[in-house]
Each structure stands twice: as C-alpha cells, then as structure tokens.
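Structure assessment
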Amino acid sequence: MRIDIPAGAGEIIEKLSVAGFDAYVVGGCVRDCLVGRVPGDWDITTNALPTDIKAVFAGQKMIDIGERHGTIAVKSGGGYYEVTTYRIDGAYGDGRRPDSVSFTNDLREDLRRRDFTINAMAYSPTSGLVDYFGGHADAKNKIIRCVGDAAERFAEDYLRIMRAYRFAATLNFALADDVRAAALAGRQSLLNIAVERVQTELAKLLLSDNFDAIEVFFKDCADVLFPEITQLKNLEQNNVYHIYDVWDHTFAALRHTPPDLTMRLAALFHDVGKFATKTTDEKGIHHFHGHAKVSHQIAEKTLKKWRFDNNTIQRTLCIVSHHHADTQPDRRLLKRLINKLGADAVIDILTFQAADNSAKSQLARDTKLKQVLEAKELLEDIISSDEPIKITDLTITGQDIMRELNIGPSAAVGQHLARLMAAVIDNPKLNTREDLIALLHEGGSQDG
C-alpha cells in the first residue's frame, strides 16, 4: 500500500536515509491515513540518535523538544516535524511517563511500547507499511486493541483508559473485550490523572458523534469521574412529558445537540439536580421543582473541578440554569430575555431546548418542541430587524439622564435606563430622544 506523506516529512526521511539511517512516519498519522482521515501531525521515528539527527540537519532550524527522550523538531518544507529515536521505555512509576528510556536500533521494540495496535504502525516510501501487531487488520475491523496486555498498557499510563474510549468514539470503532474489561478493572486509576489531561480527553470524546460510544464510557467510568451523573440511572420521570428515566433522557438529549462542547456539557448536566429534588404527588406524578438551580450548582462545581475554561463554564451554566425558561414565540418576551441575557445566550438556550424536548414524549414534541422551533424563527427575525434591545440602543444615555434630572452618578441612573429600556422593548417607536426624555420626566416626577 502507498501513503502520500507531506513533502517536508518526505525530505526528512530521505536525508536520514542518505545518511545511512532508517526513518518512518509513525503512529497517528499512519492510522488516520488508513481510516480515511486527514492527519493533524506527521511524526517521524528513526534509528538515528539525537546527536545524529542534529548532525544530519545541521543546516536547518531545529528545536530540542526532549533530547533525553530522543525527540528533536526539525523544520522542513515550511513546517516542523518531530523526529524521535527508536526507544524502549523503562518502568512507569507515576502512571503517566516512563522513569527512564533507552535507545534501540530495533523498530519493533519502539512500536511495542505504544498503546494501541492502530497507533503502532510505521510507514516509509521504500519499506511500505510496517505492522508487527495487527494494527491494519484492527483498523479494517474497526476494533481498539492494545499492543500486548491491555492491563499492562493502562498501568503504564492511566490516561490510556480514556484514550481507548475516545478513539472508539471518534473513529466509530468498538473496544475489544479485553480492553474494556481492563478499563473497567482499572478505572479507579483515572483519579490519579492530572485534571487537565482528563478534561482534554473528555472534550474530544464529547465532540464525537458516536453517541453509543460516549454512553458506554459514562456507563463504565462515570461512577469514578462523574458520580452525580451515575445517580441518574433508573431515576424515573412519571409525567406526561417524559418517556425515559433521567439517565436515558440525558443521553437522548445529547444525541440531538450540535457538535458544540457547551451544548454537550449542558446535556450531561441539565438534569443532574433531579436526583435531589424529586417529589411524588398524590396521583403518583413525579415533580422536580427547582432542579435547574441544583443542576447549576452541581455543574459549576464539577466543571471547575475539571478546569474547563471560563467561557465554556459560563455558557454551560447559563443553559443549565435557563433550560426551563419561558421561551414562547412572543416578540416582547423574547426581547426581554435578550435584554436580560444577551442574544447569544438566548440562541444557546433555544438550541438546547430543542434538543431537550426532542428527547421527551410525543406530547412534548408536539407542544413544547413546536413552540421552541417557532421561537427560534422569531428570534432570528428580531435579531435581523435591528430593533432596540440593549441599553446602548437607546437614543439617550446616562449622561443625558443626569443632566435632565440634575442628579449625579448613582444607582438611580441605571434604574431609569432600565425603565426606559422596558418601555422601548414594548414599543420600539418610543426610542426617540424626545419621547424618552418625556418618559424620563414622567418617571422622575413620580419617583420624587
């Protein structure tokens, strides 16, 4: 088989070959080519030692990324490529990285240390595909298998457990039975991983569209990483708007969200507060009054724990807090909501409400979902019409108010602006300087 590699990578391989060394593109780039994906990075492995690499490319720009571990970044063809010496990893004392590495002249030994068979292949234009561990067959069969014993591979780097589920999701593969068994047995070790590494893998997992694989990860590992979500299993919702328990509804809603991390996180956490707020009335109907507030509290604590960025946290919390907001297709109501939260937030809320209601009963889809979709259309019209919605859209300012009422800076100025804004939202024609000054004095005299 033939893989088209970038010119820059090809030049590096050729120069190393001319100098008497072996060199291959390796790992994820080979995997991606075999499954029809465009590689993000092209890494190169060679039997040349770091000093040899530096000597071969002495006339080119290089970055010493980690000479102790055999990696030099070489600039070629307009970009940098990581060139790493074949190596054998020592013991993994911290469950993340080897305590020591030793260089080898054996490509097989270098590939043996890698996590999954699909990541343990190499390729060069002269030697073709090098596949000692069946990665090509596993790629064809859409299976995630470890190189060697799965439990040993996971013990070397605990994050490989999450990577197994992530690759299954993003590649639309399945976990081999022994891989899933080892992941389940070792899942407590996920707590020993740096939170940033967990967060990065979780984000990649959630942004895939293999929702079955996403749910498998949470079924297997949520009890360790996200116990609040595990509590939703078998939490029944006996009311006319639901046909699933809270767990199944959560993952059904997730399936209807766009590939946006905020939406996916909101789906996971929007109903976590139902466990603590469930009540049952005399007719046996279940209620979850105030669950959005409790869900917000849980989501905030969890997202901060896993160190998501502030923008992602705030967007997610806004959706979670307002996923039950009244969003009828009423122009004034929507404009007030935009004034309160901002247009982007209202778009997020309506987008999520569509996903949420798509995961409910037929009654909910016929009523609530229909209402949300009509509200989204109306919202688009409101935004495109450029109607005054924000304080800054008013034809007078706080300075005008202080001058007209002969007052200094105070909370009263903001209160007057809010009152005028409310009037303009109800009647945009009032947004003239003359009308607003008249309304100001009416209110000002009443306030006095």
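A brief look at the structure comes next. (Residues numbered from 1 in each chain as written. Predicted model: local features only at pLDDT ≥ 70, side-chain atom pairs only at ≥ 80, totals over all residues. Heavy atoms only, no water.)

Describing the overall build of the protein chain
What counts, and what does not: Where helices and strands are cited, they refer to DSSP runs of H or I of at least four residues and of E of at least two residues respectively, numbered from the N terminus. The globule rule is 2.2 Å times the number of residues to the power 0.38, and the radius of gyration it is compared with is taken over C-alpha atoms. Here the term buried applies to any residue with accessible area under 20% of the maximum for its type, exposed to any over 50%, and partly exposed to those in between, with areas from a 1.4 Å probe on protein chains only. Contact between two residues is taken to exist if any of their heavy atoms lie within 4.5 Å; hydrogens are not considered. Note on areas: these come from Shrake-Rupley sampling with a 1.4 Å probe, and a residue is covered only by the protein chains present in the view. Positive charges come from Lys and Arg, negative ones from Asp and Glu, while His and the chain ends are left out of the count. Note that the charge is assigned to NZ on lysines, CZ on arginines, CG on aspartates and CD on glutamates.
Along the protein chain, the regular secondary structure elements total 22 helices and 13 strands. Computed over the C-alpha atoms, the radius of gyration of the protein chain is 29 Å, more than 25% above the 22 Å expected from 2.2 N^0.38 for a compact globule of 448 residues. Classification of the 448 residues of the protein chain by burial places 49% in the buried group. In the protein chain, 62% of the contacts between residues at least 6 apart in sequence involve partners at least 24 apart. About 20800 Å² of surface is accessible on the protein chain, with carbon and sulfur atoms providing 49% of the total. The distance from the centre of the 54 positive side-chain charges to the centre of the 63 negative ones in the protein chain is 1 Å.

Quick notes on the sheet that holds strand β1 (residues 23–26)
How we decide: Being paired, for any two strands, means DSSP has found at least two bridges between them. Convention adopted: a line fitted to C-alpha atoms gives each axis, helices being fitted over their contacting stretch, and angles between N-to-C directions are expressed from 0 to 180 degrees.
The seven strands are arranged β3-β4-β5-β2-β1-β8-β9 in an open sheet whose pairing can be described as mixed. Two strands in the sheet have a free side with no partner beyond their single neighbour: β3 (62–66) and β9 (128–130). Taken over all neighbouring pairs, the strand axes of this sheet differ in orientation by 35° on average, direction set aside. As judged from the three bridges shared by strand β2 (residues 43–46) and strand β5 (residues 79–85), these two strands associate in the parallel manner. Paired with T45 across the bridge in β5 is T84.

Thoughts on unusual backbone geometry
Notably, K142 is not glycine yet its phi reads approximately 55°, a positive angle. Turning to its location among the elements, K142 is positioned in the loop between α5 (135–141) and β10 (143–144).

Some details on the layout of surface pockets
How we decide: Cavities and pockets were defined on a 1 Å grid built over protein atoms only: a cavity is a set of grid points that admits a 1.4 Å probe from which the probe cannot escape, a pocket is an open set flanked by protein on both sides within 12 Å along at least five of seven lines, and lining residues are those with an atom within 4 Å of any such point. Grid points are joined across faces, edges and corners, and a volume is the space filled by probe spheres set on the points. Under the convention adopted here, Pro, Cys and the residues Ala, Val, Leu, Ile, Met, Phe, Trp and Tyr are nonpolar, Asp, Glu, Lys and Arg are charged, and Gly plus all remaining residues are polar.
Roughly 1400 Å³ of internal volume is contained in the largest pocket. Residue lining of the largest pocket: 39 residues in total, with D43, E82, R113, R114 and R163 positioned closest to the centre. Elements supplying a minimum of two residues to the lining of the largest pocket: α2 (28–34), β2, β3, β4 (71–76), β5, β6 (87–89) and α7 (159–171). For the lining of the largest pocket, the per-class residue count stands at 14 nonpolar, nine polar and 16 charged.

Topic: helix α19 (residues 362–385)
Heads up, the condition is: One less than the residue count of a helix, multiplied by 1.5 Å, gives the span that helix is expected to have. Two axes are fitted around each residue, one to the seven residues ending there and one to the seven starting there, and the angle between them is reported as the bend at that residue.
The end-to-end C-alpha separation of α19 is 34 Å, in line with the 34 Å expected for 24 residues at 1.5 Å each. At L369, α19 shows its largest bend, some 30°. The complete set of buried residues in α19 reads A364, L369, V372, A375, L378, L379 and I382. D386 sits one or two positions beyond α19 and adopts a positive phi of about 60°.

Topic: the environment of D115
Rules: The definition of a polar contact used here is a pair of N or O atoms within 3.5 Å, where within protein one atom must be able to donate a hydrogen and the other to accept one, and adjacent residues in sequence count solely through side-chain atom pairs.
On the secondary structure map, D115 appears in the loop between α4 (107–112) and β8 (122–124). By relative accessible area, which is 7% here, D115 ends up buried. Once residues lying within four places of it in the same chain are set aside, the contact partners of D115 are R145, C146, V147, R153, R160 and R163. A polar contact of 3.1 Å, which involves the side chain of D115, links it to the side chain of N119.

Examining the pattern of salt bridges
Counted only if it meets this: Every case where a carboxyl oxygen of Asp or Glu lies within 4 Å of a side-chain nitrogen of Lys or Arg is listed as a salt bridge.
Under the criterion given, the structure shown has 33 salt bridges. The closest approach of N and O atoms between D64 and K54, which form a salt bridge, is 3.8 Å. With a gap of ten residues between them, D64 in strand β3 and K54 in helix α3 (residues 50–56) connect regions that are remote in the sequence. Of the residues examined, K54 reaches a relative accessible area of 32% and is grouped as partly exposed. Where D400 meets R403, a salt bridge forms, and the shortest distance between an N and an O atom there is 2.6 Å. Residue D400 and its partner R403 are both found in helix α20 (residues 398–405); the two are separated by three residues, about one turn of the helix. A relative accessible area of 54% places R403 in the exposed class. Bridged by salt links that share partners, the residues E152, R153, E156 and R160 form one connected network.

A closer look at the pairing of β2
Both β1 and β2 contribute to a ladder of four bridges, which runs antiparallel. Looking at β2, one finds that V25 is bridged to I44.

Some remarks on the environment of G273
When you line up the elements, G273 lands in the loop between α13 (261–269) and α14 (274–277). For the pair G273 and E228, spaced 45 residues apart in the sequence, the C-alpha separation amounts to 8.6 Å. With sequence-adjacent residues up to four places away left out, G273 is seen in contact with H291, V294, S295 and I298.

Re α20
Among the residues making up α20, those that are buried are G398, D400, I401 and M402. Where α20 starts, the residue carrying a side-chain oxygen 3.3 Å from the main-chain nitrogen of Q399 turns out to be T397. Two residues or fewer past α20, N406 is found with a positive phi of approximately 55°.

Details of the environment of T397
Within the secondary structure, T397 sits in the loop between α19 and α20. Residue classification places T397 among the partly exposed residues on the basis of a relative accessible area of 41%. The spacing of T397 and L207 is 190 residues in sequence and 44 Å in space, taken between C-alpha atoms. A polar contact of 3.3 Å, which involves the side chain of T397, links it to the backbone nitrogen of Q399.

Concerning the packing of aromatic side chains
Centre distance and the angle of the planes are the two values used to describe a pair of aromatic rings. The condition that has to hold: Two aromatic rings from Phe, Tyr or Trp, using only the six-membered ring of Trp, form a pair when their centres are within 6.5 Å; if the ring planes differ by under 30 degrees the pair is stacked, by over 60 it is edge-to-face, and anything between is tilted.
Tallied over the full model, the rule gives eight aromatic pairs. Aromatic side chains F116 and F167 sit 5.9 Å apart centroid to centroid with 80° between the ring planes, which places their arrangement in the edge-to-face category. Placement of the pair is F116 in the loop between α4 and β8 and F167 in helix α7, with a sequence separation of 51 residues. Note on accessibility: F116 and F167 belong to one class, buried.

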